[in-house]
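Below, each chain spelled out in residue letters.
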Amino acid sequence: MAVTTTPISEDIGVEVAGYSSADFLAPHAAQDCQQLLDRYGVVVYREAHITDADLVTFSRRLGEVVVAGAGGHPEFPEISPVTLDPTKSALAGLRRSTIFWHTDGLTDQIPQKATLLTAREIADQGGDTEFANTYAAFNALPADRRAELEGYRVVHSVAASQLLLNPHPSPEQRAKWDKAPSREHPLVWRRRDGRKSLLIGATAGQIVGMADEQSRAVLDEILDWATQPRFVLHHSWRVGDLVIWDNTGMLHRAIPYEPTSRRLMHRTTLGGEEAIA
């Protein structure tokens, strides 16, 4: 089957059709993928049906693969099953917060480079994934607004994301959240290659030195700007799809689906390569 590569929109996403699992092991496959990732932010390999073994090998060719740890795949520790079914993953209960726009690892000094997610089973209703390009969103802002935002620093925390799910936690719950590490980052991340992206989303709780109400208003305004349709890709999953996204410049979220859904994804994560400065 011939391989075709089709941009999804001007600002985000490219679809690759015609790949099989073996094609990901070709010498040029990882380099081709990285070039598409740099240009479009999200690469969709439609119905490629990559095997777990090939997923791990391909991931390693793209970067350093993070071992999943607790809740990982019993045969391939690099793979994390993503599901709401507690019999399939020990982390099922933590997936609820993924319905909010977020970037993985913003409580770390070095966020993950990229994520690879392939669909083993899909939901009957819901369960799609959306991505928003924060490189494009920043570039589209007026020059004076870009300059203003570059002066802000934001505190990212687990508590900020959990308050979206439970705005009235018990003192014990809040204390548990506050024990998790928090991190202060610039609102605008200037990369070594000169590109700039917005560091916003569920973990963004407070702009340093700004009153709470004003801080929340600014963060909400910027999130609304970055997630308007022109910057967003809505991916409707088919079994066998493999989607890879640049975690350093894309927000993502899962469309809600039932906890009883059979939806099951296999995910690998690439370790970060550039600290936020």
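Since we're looking at a predicted model, the values are computed, not measured. (Residues numbered from 1 in each chain as written. Predicted model: local features only at pLDDT ≥ 70, side-chain atom pairs only at ≥ 80, totals over all residues. Heavy atoms only, no water.)

Asker: Help me out: how do you make sense of the pattern of salt bridges in this one?
Answerer: Charged atoms that come close allow side chains of opposite charge to pair. A complete count under the given rule lists 18 salt bridges for this structure. The salt bridge partner of Glu47 is Arg238, with a shortest N-O separation of 3.1 Å. With Glu47 in the loop between β3 (42-45) and α2 (52-62) and Arg238 in the loop between β12 (232-235) and β13 (242-246), this pair connects stretches of sequence that are 191 residues apart. Of the residues examined, Glu47 reaches a relative accessible area of 40% and is grouped as partly exposed. Of the residues examined, Arg238 reaches a relative accessible area of 40% and is grouped as partly exposed. Within the structure, one salt-bridge network assembled from shared partners comprises Glu15, Arg46 and Asp241. (Salt bridge = Lys/Arg side-chain N within 4 Å of Asp/Glu carboxyl O. Helix = DSSP H or I, 4+ residues; strand = E, 2+ residues; numbered from the N terminus. Buried < 20%, exposed > 50% of the residue type's maximum accessible area, 1.4 Å probe, protein only.)

Asker: I'm lost on the domain arrangement of the protein in this one. Help?
Answerer: Size of an interface, as often reported, equals the accessible area lost when the parts are brought together. Looking at the protein, the domain boundaries give domain 1 (4-86 + 109-127 + 231-270) and domain 2 (133-227). For domain 1 and domain 2, the distance between their C-alpha centroids amounts to 25 Å. Of the residues lining the interface, 12 residues belong to domain 1; the matching set on domain 2 comes to 18 residues. Interface area, domain 1 with domain 2, both sides summed: about 1200 Å², of which 58% is carbon and sulfur. The largest per-residue losses of area from domain 1 upon contact with domain 2 belong to Phe231, Thr248 and Leu251, which jointly make up 51% of the total buried on that side. If you look at where domain 1 meets domain 2, you find 0 salt bridges. (Domains from an automatic or database assignment. Contact = heavy atoms within 4.5 Å. Buried area = accessible area lost by both parts, 1.4 Å probe.)

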